[in-house]
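If you want the building blocks of each chain, they are given just below.
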Amino acid sequence: MQRRARPAAPVLVAVCLLALLSALVFPLSNRAAAQDKPAQGQFGERIEVREVLIDALVTDARGNVIVGLDKNDFVVREGGKPVQLSGVTFYSNRRIVETSEAVAKKGLRVDQVPEDRYFILFFDDQKSAAADAPVLLSQQLQAGRRAREWAARELLPNDWVAVVSYDYKLKVQQDFTHDRRRIESAIDDAIKGKDTDNTWPSRAKAQEPAGPSLLAGLPRGEGLRDTTAIIFDGVERLAEAAGRITGRKNLLLFTHGFGRINSFGQYTPDPQYYRPMMEALNTANVAVYPIDLFPVGVRHPLADAMSQLAFDTGGRYFFDVVNYTTALTQVARENNGYYLLSYRSEHPAGKSGFQRVEVKTTNPDFKVKTRRGYEYGDYTGPKVAAGPAGP
């Protein structure tokens, strides 16, 4: 979903200025303006209509992707109110070899199924913490090794992969590519915390991407460093850049966790940093899959932070990981296919905020994973205490 959905023909509703025109009504999206008339002599509210895109993973109890659903199979609500879907597109990483009876009934053809998947491997480089606990560094190195194996053996030709890292700033070791060798080399660089110069204008111009790109949407040079001084801002900038690409993006976050711990040793979402980051991820259709780098059996309060981030963005939290390849494989399997739902939504012009969205299917046996909502207007997230972004 784009950070700002494209406005569609804002309409100015004007009602009577004189008593003799009191019966005159101007239609707005086929709704009667008389339902809420402004005072005489005043103009009505200006409305912005925009297209909203929400991706949804739909599986059965065993995790198998459900194919062949259409608009009648989904129930979508904004702020508790049902909305009418204008379109449903199924995206799959592979061609449907044999169309099922359900697919045939819905009229879905094999050549109508797009194939691209997007993965962002994000390594939260915490060598400073690992200095006090060498086992954490060992886990980070193991995760990098398994990620290279996954890229070499399991990626499909239509998979786009980008590799980024964070220490004191966001670094893009590799923009989206199909090239497995570049991906493996970038993973090595990310694990080592290698600096990059691909965001400086002189270098960026020589590396203009031919396909989907994170670099194209990120600040240049020192601007990237200055706007990603903390990891929350780094993830938020990354989400904004990924939002330029239509479809679901999967952020595989290798981390020991980050967030605010209170005086009781418990995690509490920081509304100044967490909520804007989460809502930017939602707006950009980025699902976060945190992969915990703590050893098996180790409990820590930041596990709650990673679990909430996964829940809020439609991803999944992996902990007590014995083999990181297994986690990567499960993420890829979960994203074998998803639905991109579209509908039109109205908000007062000049207003901004975060709109909650709920997606279900008419079949209660299906499981649906999706994000929590989207930003509208010029909203950049609350900068004052607004309470945790819970369920």
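Calculation rules
Residues numbered from 1 in each chain as written. Predicted model: local features only at pLDDT ≥ 70, side-chain atom pairs only at ≥ 80, totals over all residues. Heavy atoms only, no water. Salt bridge = Lys/Arg side-chain N within 4 Å of Asp/Glu carboxyl O. Helix = DSSP H or I, 4+ residues; strand = E, 2+ residues; numbered from the N terminus. Buried < 20%, exposed > 50% of the residue type's maximum accessible area, 1.4 Å probe, protein only. Pairing = 2+ DSSP bridges. Core = buried A, V, L, I, M, F, W, Y, C linked by side-chain atoms within 4.5 Å. Contact = heavy atoms within 4.5 Å. Phe/Tyr/Trp six-rings, centres within 6.5 Å; stacked < 30°, edge-to-face > 60°. Axes fitted to C-alpha atoms, helices over the stretch in contact; angles between N-to-C directions.

**Details of the pattern of salt bridges**
Here is step 1: Per the counting criterion, the structure on display carries 18 salt bridges.
Here is step 2: The salt bridge involving Arg117 is made with Asp159; its shortest N-O contact spans 2.8 Å. Within this pair, whereas Arg117 is found in strand 6 (residues 117-124), its partner Asp159 is found in strand 7 (residues 159-166), the two being separated by 42 residues in sequence.
Here is step 3: On the accessibility criterion, Arg117 (6% relative accessible area) is buried.
Here is step 4: By relative accessible area, Asp159 is classed as buried at 1%.
Here is step 5: The partner of Glu334 in a salt bridge is Lys369, and the shortest N-O contact between them spans 3.1 Å. With Glu334 in helix 10 (residues 324-334) and Lys369 in strand 13 (residues 367-370), this residue pair connects regions lying 35 residues apart in the sequence.

**Re unusual backbone geometry**
Here is step 1: Positive phi, close to 60°, is recorded for Asn285, a residue that is not glycine.
Here is step 2: Tracing the chain through its elements places Asn285 in the loop between helix 8 (274-283) and strand 10 (286-292).
Here is step 3: For Asn285, a relative accessible area of 0% puts it in the buried group.

**As for the pairing of strand 3 (residues 74-78)**
Remark: a regular strand shows side chains that alternate across the two faces of the sheet.
Here is step 1: Across the two faces of strand 3 the burial differs, with Phe74, Val76 and Glu78 buried and Val75 and Arg77 not buried at all.
Here is step 2: For strand 3 and strand 12 (residues 353-361), the ladder comprises 5 bridges, and the chain directions are antiparallel. In the sheet register, Arg77 faces strand 12, and the bridge partner there is Glu358.
Here is step 3: The pairing of strand 3 with strand 4 (residues 81-82) spans 2 bridges and is antiparallel. Each bridged residue has a counterpart across the sheet, and for Glu78 the counterpart in strand 4 is Lys81.
Here is step 4: Between the antiparallel neighbours strand 3 and strand 4 lie 2 residues, among them Gly79 with a positive phi of about 55°.

**Examining the nonpolar core**
Here is step 1: Ranked by internal contacts, the top residues of the largest apolar core, which has 41 residues, are Phe122, Leu214, Leu251 and Leu281.
Here is step 2: Secondary-structure elements contributing two or more residues to this core are strand 6, strand 7, strand 8 (170-177), helix 7 (231-242), strand 9 (249-255), helix 8, strand 10 and helix 9 (302-313).
Here is step 3: The dominant element in this core, judged by the number of residues it contributes, is helix 7, at 7 residues.
Here is step 4: When near neighbours in sequence (up to four residues on either side) are disregarded, Leu281 contacts Val235, Ala239, Leu251, Val286, Val288, Leu309, Thr313 and Arg371.
Here is step 5: Counting 33 residues, the second-largest nonpolar core is a separate cluster that includes Ile183, Ala186, Tyr289 and Leu340.

**Focus: the packing of aromatic side chains**
Here is step 1: Evaluation of the coordinates by the stated rule reveals 10 aromatic pairs.
Here is step 2: A ring pair is formed by Tyr91 and Tyr338, whose centres lie 5.3 Å apart and whose planes are at 5°; its orientation type is stacked. You can see Tyr91 sitting in strand 5 (residues 85-92) and its partner Tyr338 sitting in strand 11 (residues 337-348), a full 247 residues away along the chain. Of the two residues, Tyr91 and Tyr338, both sit in the buried class.
Here is step 3: Members of the aromatic cluster, joined through ring pairs, are Phe74, Phe90 and Tyr339.

**Observations regarding the sheet that holds strand 12**
Here is step 1: One open sheet accounts for 4 strands, arranged 4-3-12-14; its pairing is antiparallel. For this open sheet the edge positions go to strand 4 and strand 14 (373-376), each flanked by a neighbour on one side alone.
Here is step 2: Contacts from helix 8 reach strand 12 and strand 14 within the one sheet, and its direction differs from that of strand 14 by about 100°.

**Some points on the sheet that holds strand 9**
Here is step 1: Strand order in the open sheet formed by 5 strands is 8-7-6-9-10, with mixed pairing between adjacent strands. Taken across any chain shown, the strands that pair with only one partner, and hence form the sheet edges, are strand 8 and strand 10. Averaged over all pairs of adjacent strands, the angle between their axes in this sheet comes to 15°, without regard to strand direction.
Here is step 2: Judged from the 8 bridges that link them, strand 6 and strand 7 form a sheet pairing that is parallel. Bridge pairing in strand 7 places Phe122 opposite Val164.

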